[in-house]
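For reference, the chains in residue letters:
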Amino acid sequence: MRTTVDLTWDEGRIERWIRFGRIAEDVILTRRDRRVSFDPGAVFALVRWASNDFGTVESRIDILRAVVPGAPCTTVPFVTPGGEVLLRLSGWPKVEAAFAAIAQVESYAIAPEDVCPDHWRHVHNRLTAGLTPRVYTPARHAAWLKRRGLTS
């Protein structure tokens, strides 16, 4: 069983989209709606933004790990059944800082979905506290890949 995410794109009103992640299945439901699926263990980022006549009313980013069937998980709107939360931020300044952390990882040609999950938890904690997160370097990534190889 895969984790599914319902996405909507109504330009300037409701925008729910995937920032990164390996999509296993993509189904177009209507012109504005699609449903994407992720295999268990996959890491992905869901961005939710909404506005009304008075401006932005919601600005969020969630970095989640898709769970295996029957495993405990956190419910997240538009994600079925839910996921393991690695990062969850709201408010444009924090979301923008999360985008910067993702861009920093990508600047080293590292796919954000391959990053050590602990790094995304670290980014969440630092940004929530109003601090700058540590840089995720190629050396840190190599250490993560070696550590993951030992436990698999």
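Residues numbered from 1 in each chain as written. Predicted model: local features only at pLDDT ≥ 70, side-chain atom pairs only at ≥ 80, totals over all residues. Heavy atoms only, no water.

Side note on the nonpolar core
So, step 1. Ranked by size, the top nonpolar core spans 23 residues in total, and within it Phe20, Ile61, Ile63, Trp120 and Tyr136 carry the most contacts.
So, step 2. Within the residue set of this core, elements represented by two or more residues are β5 (43–52), β6 (55–65), β8 (79–90), α1 (92–107) and α2 (117–128).
So, step 3. With residues near it in sequence (within four places) discarded, Tyr136 still touches Gln104, Val105, Tyr108, Ile110, Val115, Cys116, His119, His141 and Trp144.
So, step 4. Judged by nonpolar contacts, the second largest core, of twelve residues, contains Val5, Val36, Phe44 and Val76. (Core = buried A, V, L, I, M, F, W, Y, C linked by side-chain atoms within 4.5 Å. Buried < 20%, exposed > 50% of the residue type's maximum accessible area, 1.4 Å probe, protein only. Helix = DSSP H or I, 4+ residues; strand = E, 2+ residues; numbered from the N terminus. Contact = heavy atoms within 4.5 Å.)

Quick word on the pairing of strand β3 (residues 25–28)
So, step 1. As defined by bridge partners, β3 adjoins strand β4 (residues 33–38) across four bridges and the pair is classed as antiparallel. Following the sheet pairing, Ile28 is matched in β4 by Arg34.
So, step 2. Hairpin geometry of β3 and β4 is characterised by an intervening segment of four residues between the two adjacent antiparallel strands. (Pairing = 2+ DSSP bridges.)

Examining the side chain of Thr8
So, step 1. Residue placement: Thr8 occurs in strand β1 (residues 3–10).
So, step 2. Within polar-contact distance, the side chain of Thr8 engages the side chain of Arg16 at 2.7 Å.
So, step 3. In this structure the side chain of Thr8 is engaged in a polar contact, spanning 2.8 Å, whose partner is the side chain of Asp33.
So, step 4. Excluding anything up to four places from it in sequence, Thr8 contacts Ile14, Glu15, Arg16, Arg32 and Asp33. (Polar contact = N/O pair within 3.5 Å; in protein donor to acceptor, adjacent residues only side chain to side chain.)

Things to note about the packing of aromatic side chains
So, step 1. Per the stated rule, a full pass over the model turns up four aromatic pairs.
So, step 2. Between Trp92 and Phe99 the ring centres are 6.0 Å apart and the planes differ by 70°, which places this aromatic pair in the edge-to-face class.
So, step 3. An aromatic cluster of three or more residues is present, and its members are Trp17, Trp92 and Phe99.
So, step 4. Of note, Arg16 hangs over the ring of Phe78, and the distance from its end group to the ring centre comes to 3.5 Å. (Phe/Tyr/Trp six-rings, centres within 6.5 Å; stacked < 30°, edge-to-face > 60°. Lys NZ or Arg CZ within 6 Å of the ring centre and 35° of its normal.)

What about the environment of Asp53?
So, step 1. Counting through the fold element by element, Asp53 comes out in the loop between β5 and β6.
So, step 2. Assessed through its relative accessible area of 78%, Asp53 is described here as exposed.
So, step 3. In this structure, the C-alpha to C-alpha distance between Asp53 and Arg13, residues 40 residues apart in sequence, is 9.1 Å.

Remarks on the confidence of the model for the protein chain
Low pLDDT means the predicted coordinates in that region are not meant to be read closely.
So, step 1. The share of residues in the protein chain with pLDDT of 70 or more is 99%, and the mean pLDDT across the chain is 95.
So, step 2. Of all helices and strands in the protein chain, the one with the weakest mean pLDDT is helix α3 (residues 138–151) (90), whereas β4 scores best (98). (pLDDT = per-residue confidence, 0-100.)

So, α2
So, step 1. In this model, α2 (twelve residues) spans 17 Å end to end at C-alpha, consistent with the 16 Å of a helix rising 1.5 Å per residue.
So, step 2. By the burial criterion, the buried members of α2 are Pro117, His119, Trp120, His122, Val123 and Leu127.
So, step 3. Trailing α2 by a residue or two, Gly130 shows a phi angle of about 80°, which is positive. (Expected span 1.5 Å × (residues − 1).)

A closer look at the environment of Pro81
So, step 1. Here Pro81 shows up in strand β8.
So, step 2. Along the primary structure Pro81 and Gly70 are separated by eleven residues, whereas in three dimensions their C-alpha atoms are 9.5 Å apart.

Concerning the packing of α1 against α2
Between two packed helices, the angle of one axis relative to the other and the distance separating the axes together describe the packing.
So, step 1. Where α1 contacts α2, the two axes come as close as 11 Å, and the packing angle between them is 145°. When you trace α1 past α2, the crossing you get is right-handed. Where α1 approaches α2, its residues Lys94, Ala97, Ala98, Ala101, Ile102 and Val105 are matched on the opposing element by His119, Trp120, Val123, Leu127 and Thr128.
So, step 2. Of the residues in the contact of α1 with α2, the class split is eight nonpolar, two polar and one charged. (Axes fitted to C-alpha atoms, helices over the stretch in contact; angles between N-to-C directions. Left-handed = near helix turned anticlockwise from the far one by under 90°. Nonpolar A, V, L, I, M, F, W, Y, C, P; charged D, E, K, R; others polar.)

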